[in-house]
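Summary of structural features
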Amino acid sequence: MVVKAAQAEGLTVVPEGGSLFTQDVTLIQDGNSTVEHNIPLHTFYKDLVQLWGQTQVDYTPTLVVTYGGPAGDPYWRAHTNVWEHPILSRHAPPTELAANNKRRVIAPEGDYVDDDSAREAGKIAAAGRMVSIGAHGQQSGLGGALGNLVVRARRLEQYRCAPRCDDHARNVIGLCEGCGFSGSR
Ligand SMILES: [Zn+2]
């Protein structure tokens, strides 16, 4: 009912996924504008991809907080000097950045799941839907930057994020240009 009423008024409906596969599929079938958070599967098979590709529902897997294991946020906190980021360090208290980032917890490379999520999201993009990186509230101003890093530095070409996420942010979610820190690297 919410989706139907929103569609009638030209409104966007952006539900928070909950790492529940069947619920996520229901969100897709109901025609929500997007599904936020990754579908919690390691592999998307043809049944899901074909179903999704026939809808108008777009996908925001939110790579920084991927369900299923450590994701983009902990990966890039552990592998870059976040407290020295030229923009972030101008806008966040240096003591907070240092306390949250200087001491690192590192998992084996294969344990990180953000790249798996981005790879499978590429199948949804290939099926014709828009896919965006998403962000999250762990660190204001950092989620989008880390999501972009996941896609670019891990060479996930099939995700084709850079042009699409900007389009998505503008056209689907309704945000202005400049999601993440694109242009700062
Ligand atoms: Zn969330």
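What you see is a predicted model; the values in this text were computed from it and never measured.

When its secondary structure is counted, the protein chain shows 9 helices and 2 strands. Going from the N terminus to the C terminus, the protein chain shows its helices and strands as α-α-β-α-β-α-α-α-α-α-α. The proportion of buried residues among the 185 residues of the protein chain is 39%. Sequence separation of 24 or more characterises 68% of the internal contacts of the protein chain that already satisfy a separation of 6 or more.

If you check helix α7 (residues 114-126), its first and last C-alpha atoms are 18 Å apart, about what 13 residues at 1.5 Å a residue would give, namely 18 Å. Three or more residues of α7 are buried, namely D114, D115, S117, A118, E120, A121, K123 and I124. Positive phi appears at G128, one or two residues downstream of α7, with a value of about 110°.

What follows deals with helix α2 (residues 21-30). Every α-helical turn comprises 3.6 residues, leaving residues that sit three or four positions apart pointing alike. Taken as a whole, α2 has its buried residues at D24, L27 and I28. Buried residues of α2 fall within an arc of 100° about the axis and therefore sit on the same side. For α2, exposure combined with an orientation more than 90 degrees from the buried face picks out T22, T26 and Q29. Where α2 is buried, its residues meet β1 (34-36) and α3 (46-53). Just downstream of α2 lies G31, where phi reads positive at about 85°.

A separate point is the environment of E109. Tracing the chain through its elements places E109 in the loop between α6 (94-101) and α7. Residues E109 and P70 lie 39 residues apart in sequence; the distance between their C-alpha atoms is 9.8 Å.

Moving on: unusual backbone geometry. The phi dihedral of S19 is positive, around 60°, even though this residue is not glycine. With respect to the element layout, S19 can be found in the loop between α1 (2-9) and α2. Despite not being glycine, T62 shows a phi value in the positive range, around 60°. Mapped onto the elements of the fold, T62 is located in the loop between β2 (58-60) and α4 (72-79).

Residue position: N101 is located in helix α6. With 20 C-beta atoms packed within 10 Å, N101 lands in the buried category. C-alpha of N101 to C-alpha of T80: the two residues are 21 residues apart in sequence and 9.0 Å apart in space. Other than its neighbours up to four places away in sequence, N101 contacts R77, V82 and W83.

What follows deals with the confidence of the model for the protein chain. For the protein chain, per-residue confidence averages 79 on the pLDDT scale, and residues scoring 70 or more make up 75% of the total. Here helix α9 (residues 161-173) stands out as the least confident element of the protein chain, with mean pLDDT 45; α3 is the most confident, with 97. Predicted confidence is poor over residues 158-185, with pLDDT under 50, and the contacts of this stretch with residues over four places away or in other chains come to 50 contacts.

Criteria and cut-off values
- Residues numbered from 1 in each chain as written.
- Predicted model: local features only at pLDDT ≥ 70, side-chain atom pairs only at ≥ 80, totals over all residues.
- Helix = DSSP H or I, 4+ residues; strand = E, 2+ residues; numbered from the N terminus.
- Buried ≥ 20, exposed ≤ 12 C-beta atoms within 10 Å, placed from the backbone.
- Contact = placed C-beta atoms within 7 Å.
- Expected span 1.5 Å × (residues − 1).
- Arc of directions from axis to C-beta.
- pLDDT = per-residue confidence, 0-100.

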